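# Structural overview
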Amino acid sequence: MDTAQVDNYSIDIGPMGPIGEGEALILRVTRNCPWNRCLFCPVYKEKRFSYRNVPEIKSDINAVKRIVELIETTSWDIGFSGRIKGEILQEVIRSHPEIYGEDPYHTTQDNWLALSSLNNVANWLCYGAKRVFLQDANALIMRPGELIEVLTYLKETFPTIQTITCYARSKTCAQRSREELRALKEAGLSWLFVGIESGCDEVLRYMKKGVTSTEHIRGGQKVIEAGINLAAFVMPGLAGNDETLVKQHVSGTINVLNQIKPTEVRIRSLAIIEGSPLYERWESGDFKAPTEDQMVDELRQIIEGLTFDCTIETLQMTNVLFTTKGRLSTRKEEMLAAIAGYQALSPIEQLRFKFNRYVYGGYLDCVMRSGRLDSRLNQLIEEAKISLEQESPDAVAKTEQAIFAIKSKGIP
């Protein structure tokens, strides 16, 4: 076995994968975001979009195959009969310092990338090597023929693959012909994850989405007609707290979803993230942030307004009331009952629920693990806690301020 080159056991990995793809192999086919202007997104700012050519992507697929062989060979060598266990990865790393580094506390960038690639592939194998997610923000922007070549090579190399997913923009979906989308489906493209966010053109313009509600509908309908599953992301709170605009945002979003009828609707309530252009607009006073209660009510209206059955998913922690995934037809009444129960609470009980959800429900833990818990945030949380204990007149303001600050640190 030739292990002279670390590159032979490393693949390019981008900064973000979607919630729900924890079982997938992460394979980068483009770098960063070709649009990269959305106000609410900080992920790819200051980074230039670039294509990866087909030979480069195939080289990564070949590297994945070498990593698979290395893991499986080691598993058999140390008596695990092909099963994937933590001890196997430890042995792989220990046995190949030329790839993974001599000292775990002093790894080079190349070593770190090789380790990340190893973990990526090992996790994929643990789940049966069935799912693949193509990074970054809009893999569908690849030339259809080149993307088909990648999909075909990927499935030929790994016959166990059942599902291939990626992000896409509505505008890109609308620009693809139905024949191109059907060909991508036949080559193995199973799901597209599309950020609808809003069906209100005024909100879309303000947020610099670079797409209209009409393009949302046209692109989404093409995807569904081609037989590709579509997960549509929508964002309660994106219209801020302007009452008129909020109504347009909610009604427009419902209309777009009802016309597309996506396979899945994913709810991602707004978090205004530090480092995003929207955070700067909030700081300047140009954008007025929605309250948590407002976003809860927007979610209620969206659930009530959908006229088709789909999977509905609220797994992101920005959704204060619940994290759930299931068929709308079986979960609708349950979700609406949870919202009604929350809205029936007294104001102080609602505040305590929200505070406990974000502080003790896992969100703050994610902030801490990412190293973003600072003294100011600690102080805001402590002040909110005291105001709630004392039921102070400023409890609403302090609790909302603390929650906003927690969410501004990132999105678990």
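Everything below is about the structure shown above.
Below is a summary of the structure that appears in this document. (Residues numbered from 1 in each chain as written. Predicted model: local features only at pLDDT ≥ 70, side-chain atom pairs only at ≥ 80, totals over all residues. Heavy atoms only, no water.)

## Remarks on the overall build of the chain
For the chain, the helix and strand inventory stands at 17 helices and 10 strands. By the compact-globule yardstick of 22 Å for 412 residues, the chain fits well, its C-alpha radius of gyration being 23 Å. Seen through its principal axes, the chain has C-alpha atoms that stretch 70 × 50 × 40 Å. Across the 412 residues of the chain, 53% fall into the buried class. Residue pairs at least 24 apart in sequence account for 75% of intrachain contacts in the chain once pairs closer than 6 positions are excluded. By element, 48% of the accessible surface of the chain is carried by carbon and sulfur atoms, the whole surface being about 18300 Å². One way to put it: in the chain the 49 positive side-chain charges average out to a point 5 Å from where the 54 negative ones average out. (Helix = DSSP H or I, 4+ residues; strand = E, 2+ residues; numbered from the N terminus. Rg over C-alpha atoms; globule rule 2.2 N^0.38 Å. Buried < 20%, exposed > 50% of the residue type's maximum accessible area, 1.4 Å probe, protein only. Contact = heavy atoms within 4.5 Å. Areas by Shrake-Rupley, 256 points an atom, 1.4 Å probe, with all protein chains shown as cover. Lys, Arg positive; Asp, Glu negative; His and termini not counted. Charge placed at Lys NZ, Arg CZ, Asp CG, Glu CD.)

## With respect to helix H12 (residues 292-305)
Residues lying three or four places apart along an α-helix face the same way, a consequence of the helix completing one turn every 3.6 residues. Compared with the 20 Å implied by 1.5 Å per residue over 14 residues, the 20 Å span of H12 between its first and last C-alpha is a close match. Tucked into the core, H12 has its buried residues touching helix H10 (243-260), strand S8 (264-267), strand S9 (311-313), helix H13 (328-343), helix H14 (347-360) and helix H17 (395-408). (Expected span 1.5 Å × (residues − 1).)

## Some words on the packing of aromatic side chains
Enumeration over the complete set of coordinates arrives at 15 aromatic pairs. Aromatic side chains Phe355 and Tyr360 sit 6.2 Å apart centroid to centroid with 80° between the ring planes, which places their arrangement in the edge-to-face category. Judged by its relative accessible area of 3%, Phe355 falls in the buried class. Above the face of the Phe193 ring, Arg266 is positioned so that its terminal group lies 4.6 Å from the ring centre. (Phe/Tyr/Trp six-rings, centres within 6.5 Å; stacked < 30°, edge-to-face > 60°. Lys NZ or Arg CZ within 6 Å of the ring centre and 35° of its normal.)

## Examining the packing of H14 against H17
Two elements in contact, H14 and H17, have axes whose closest approach is 10 Å; the angle formed by their N-to-C orientations is 25°. Judged by the angle between their axes, H14 and H17 are roughly parallel. Along this stretch, H14 crosses H17, giving a crossing that reads as left-handed. Residues Leu351, Lys354, Phe355, Tyr358 and Val359 of H14 pack against Ala395, Val396, Thr399, Glu400, Ile403, Ile406 and Lys407 of H17. Looking at the contact of H14 with H17 residue by residue, the classes come out as eight nonpolar, one polar and three charged. (Axes fitted to C-alpha atoms, helices over the stretch in contact; angles between N-to-C directions. Parallel < 35°, antiparallel > 145°, perpendicular 65-115°, else oblique. Left-handed = near helix turned anticlockwise from the far one by under 90°. Nonpolar A, V, L, I, M, F, W, Y, C, P; charged D, E, K, R; others polar.)

## Things to note about the side chain of Thr324
Summarising the element assignment, Thr324 is placed in the loop between S9 and strand S10 (325-327). Exposure remark for Thr324: the relative accessible area of 10% places this residue in the buried category. A polar contact is formed between the side chain of Thr324 and the side chain of Arg331, at a distance of 2.4 Å. Non-local contacts of Thr324, meaning those with residues more than four positions away in its chain, are made with Ile312, Glu313, Thr314, Leu315, Arg331 and Met335. (Polar contact = N/O pair within 3.5 Å; in protein donor to acceptor, adjacent residues only side chain to side chain.)

## A short note on the packing of helix H9 (residues 213-225) against H10
For the pair H9 and H10, the least separation of the axes is 8 Å and the interaxial angle reads 25°. Between H9 and H10, the angle falls in the class roughly parallel. Considering how the two elements wind past one another, H9 and H10 form a crossing that is right-handed. Contacts between H9 and H10 involve Ser213, His216, Ile217, Gly220, Gln221 and Ile224 on the former and, on the latter, Asn255, Val256, Gln259 and Ile260.

## Brief notes about H13
When the terminal C-alpha atoms of H13 are compared, their 21 Å separation across 16 residues agrees well with the 22 Å that a helix rising 1.5 Å per residue should span. Residues of H13 that are buried in the fold lie against H12, S9, S10 and H14.

## Details of the pattern of salt bridges
It is possible for side chains bearing opposite charge to pair when their charged atoms get close. What the rule picks out here adds up to 30 salt bridges. For Lys247, the salt bridge goes to Glu243, with nearest N and O atoms at 4.0 Å. Taken together, the positions of Lys247 and Glu243, both in helix H10 and four residues apart, correspond to about one turn of that helix. Assessed through its relative accessible area of 59%, Glu243 is described here as exposed. By sharing partners, the salt bridges in this structure join Asp12, Arg28, Arg31, Arg52, Glu56, Asp60 and Asp136 into a single network. (Salt bridge = Lys/Arg side-chain N within 4 Å of Asp/Glu carboxyl O.)

## Focus on the environment of Glu382
The topology assignment puts Glu382 in helix H16 (residues 375-390). For Glu382, a relative accessible area of 42% puts it in the partly exposed group. Remark: the alpha-carbon pair of Glu382 and Ala402, spanning 20 residues in sequence, is separated by 8.7 Å.

## Observations regarding the nonpolar core
Among soluble globular proteins, nonpolar side chains are generally buried collectively. Core analysis: the biggest nonpolar cluster contains 120 residues, and Ile71, Trp124, Leu134 and Leu192 have the highest contact counts within it. Per-element accounting of this core gives the leading share, nine residues, to helix H1 (residues 54-77). Setting aside its immediate chain neighbours within four residues, Leu134 contacts Leu27, Val29, Ala139, Leu147, Leu151, Leu154, Ile164, Thr165, Cys166 and Tyr167. Residues Ile26, Trp191, Phe193 and Ala231 belong to the second largest nonpolar core, which totals eight residues. (Core = buried A, V, L, I, M, F, W, Y, C linked by side-chain atoms within 4.5 Å.)

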